[in-house]
Amino acid sequence: MAAARDPEATKARIFQAAVAEFARHGIAGARIDRIATEAKANKQLIYAYFGNKAELFTKVLGKVMLDLAIAVPVDPDDIESWIDRLMDYHEAHPEVLRLLFWEGLEYGATAELPDEAERQEHYRAKVATLEDGQARGVVTDAIPPRDLLFLLIAVANWAAVVPQMKRILVGGEAGDGERLRASVKEAARRLAAPRQGR
């Protein structure tokens, strides 16, 4: 007797295989046949469920970013703790930044992303959180909130994006990583600190 088909389980396997494939090879270098082999699914199912390779990448990146947003919401009342949780998340899920980096390499600065409107909405909610923090005086208003979010994310994520530079410049011993994390949190705190004497 043949095993019953479970479309949701198949989609989940395809998705996980696609995350790993795109994180390793980017959009251009990824291969649907490798995803199919890893997911134990046929290529036609991948196209039926997710569309072409670029559409699959967009869905994969959108989902991992949503997972990140849910797991680590922006907290203007405790920037250092938010940065700490963000760094922990990226250590546990290095594929998120790899996918974003590949997207940047392949789409560049000017090409519109397939889901750009949705992505802008994703970040609009995070910016609104910082705007609220500015209105309450817990976050600086010297920097526009969208710029502040961009800078804080950059400070938190750069070491994970270029680990070789972190090792060469900061050091590769356990204590070096702890020292850098403390420095990143201090830099983020100072960057976001409200102006005195308001």
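Above this note sits the structure.
Reading guide: rules and limits
- Residues numbered from 1 in each chain as written.
- Predicted model: local features only at pLDDT ≥ 70, side-chain atom pairs only at ≥ 80, totals over all residues.
- Heavy atoms only, no water.
- Helix = DSSP H or I, 4+ residues; strand = E, 2+ residues; numbered from the N terminus.
- Buried < 20%, exposed > 50% of the residue type's maximum accessible area, 1.4 Å probe, protein only.
- Contact = heavy atoms within 4.5 Å.
- Areas by Shrake-Rupley, 256 points an atom, 1.4 Å probe, with all protein chains shown as cover.
- Lys, Arg positive; Asp, Glu negative; His and termini not counted.
- Charge placed at Lys NZ, Arg CZ, Asp CG, Glu CD.
- 1 Å grid on protein atoms, 1.4 Å probe; cavity = no way out; pocket = protein on both sides within 12 Å on 5 of 7 lines; lining within 4 Å.
- Points joined across faces, edges and corners; volume = space filled by probe spheres on them.
- Nonpolar A, V, L, I, M, F, W, Y, C, P; charged D, E, K, R; others polar.
- Phe/Tyr/Trp six-rings, centres within 6.5 Å; stacked < 30°, edge-to-face > 60°.
- Lys NZ or Arg CZ within 6 Å of the ring centre and 35° of its normal.
- Expected span 1.5 Å × (residues − 1).
- Bend = angle between axes of the 7 residues up to and from the residue.
- Core = buried A, V, L, I, M, F, W, Y, C linked by side-chain atoms within 4.5 Å.
- Salt bridge = Lys/Arg side-chain N within 4 Å of Asp/Glu carboxyl O.

## Some details on the overall build of the chain
Piece 1. Looking only at helices and strands, one finds 10 helices and zero strands in the chain.
Piece 2. Listed N to C, the secondary structure of the chain is α-α-α-α-α-α-α-α-α-α in terms of helices and strands.
Piece 3. Per-residue burial over the chain gives 36% buried out of 198 residues.
Piece 4. Sequence separation of at least 24 residues holds for 63% of the intrachain contacts in the chain that already meet a minimum separation of 6.
Piece 5. Here the chain displays about 11,700 Å² of accessible surface, and carbon together with sulfur accounts for 56% of that area.
Piece 6. Put simply, the chain has 27 plus and 30 minus side-chain charges, and the middle of one group is 4 Å from the middle of the other.

## Section: the layout of surface pockets
Piece 1. What the largest pocket holds in volume is close to 1,200 Å³.
Piece 2. Lining the largest pocket are 36 residues, with Leu100, Arg119, Tyr123, Phe150 and Ile153 positioned closest to its centre.
Piece 3. Broken down by secondary-structure element, the contributors of at least two residues to the lining of the largest pocket are helix H4 (53-71), helix H5 (79-92), helix H6 (95-107), helix H7 (116-135) and helix H8 (145-161).
Piece 4. A total of nine residues in the lining of the largest pocket trace back to one element, the largest contributor, which is H8.
Piece 5. Taken together, the residues of the lining of the largest pocket break down into 22 nonpolar, seven polar and seven charged.

## Let's talk about the packing of aromatic side chains
Piece 1. The full count for this structure, using the stated rule, is two aromatic pairs.
Piece 2. With centroids separated by 5.1 Å and ring planes inclined at 85°, the aromatic side chains of Phe22 and Phe57 adopt a geometry described as edge-to-face. Taken together, the residues span a long stretch of sequence, with Phe22 in helix H1 (residues 7-29) and Phe57 in helix H4 at a distance of 35 residues.
Piece 3. Taking the relative accessible area as the measure of exposure, Phe57 reaches 1% and is therefore buried.
Piece 4. Sitting over the ring of Tyr49, Lys11 keeps its end group 5.0 Å from the ring centre.

## Overview of H8
Piece 1. In this model, H8 (17 residues) spans 23 Å end to end at C-alpha, consistent with the 24 Å of a helix rising 1.5 Å per residue.
Piece 2. The largest bend along H8 reaches roughly 35° and is located at Val155.
Piece 3. Structurally, H8 contributes buried residues whose contacts are with H5, H6, H7 and helix H10 (174-192).

## Looking at the nonpolar core
Piece 1. Phe22, Ile35, Leu56, Trp82 and Ile83 are the most contacted members of the largest nonpolar core, which has 47 residues in total.
Piece 2. Residue contributions to this core peak at eight residues, all from H1.
Piece 3. Sequence-distant contacts of Trp82, that is, excluding residues within four places in its chain, are made with Val72, Pro73, Val74, Asp75, Leu149, Leu152 and Ile153.

## Overview of unusual backbone geometry
Piece 1. Even without being glycine, Lys40 reaches a positive phi, approximately 55°.
Piece 2. Assignment of secondary structure puts Lys40 in the loop between helix H2 (32-39) and helix H3 (43-50).

## Side note on the pattern of salt bridges
Piece 1. Across all of its chains, the model carries 17 salt bridges by this definition.
Piece 2. Note that Asp84 is salt-bridged to Lys185, the shortest N-O span being 3.4 Å. Taken together, the residues Asp84 in helix H5 and Lys185 in helix H10 connect sequence positions 101 residues apart.
Piece 3. By relative accessible area, which is 21% here, Asp84 ends up partly exposed.
Piece 4. Where Arg181 meets Glu91, a salt bridge forms, and the shortest distance between an N and an O atom there is 3.1 Å. Here Glu91 lies in helix H5 and Arg181 lies in helix H10, a separation of 90 residues in the sequence.
Piece 5. A residue is classified by how much of its surface remains accessible, and Glu91, at 57% relative accessible area, is exposed.
Piece 6. Connected via shared salt-bridge partners are Asp84, Asp88, Glu91, Arg181 and Lys185.

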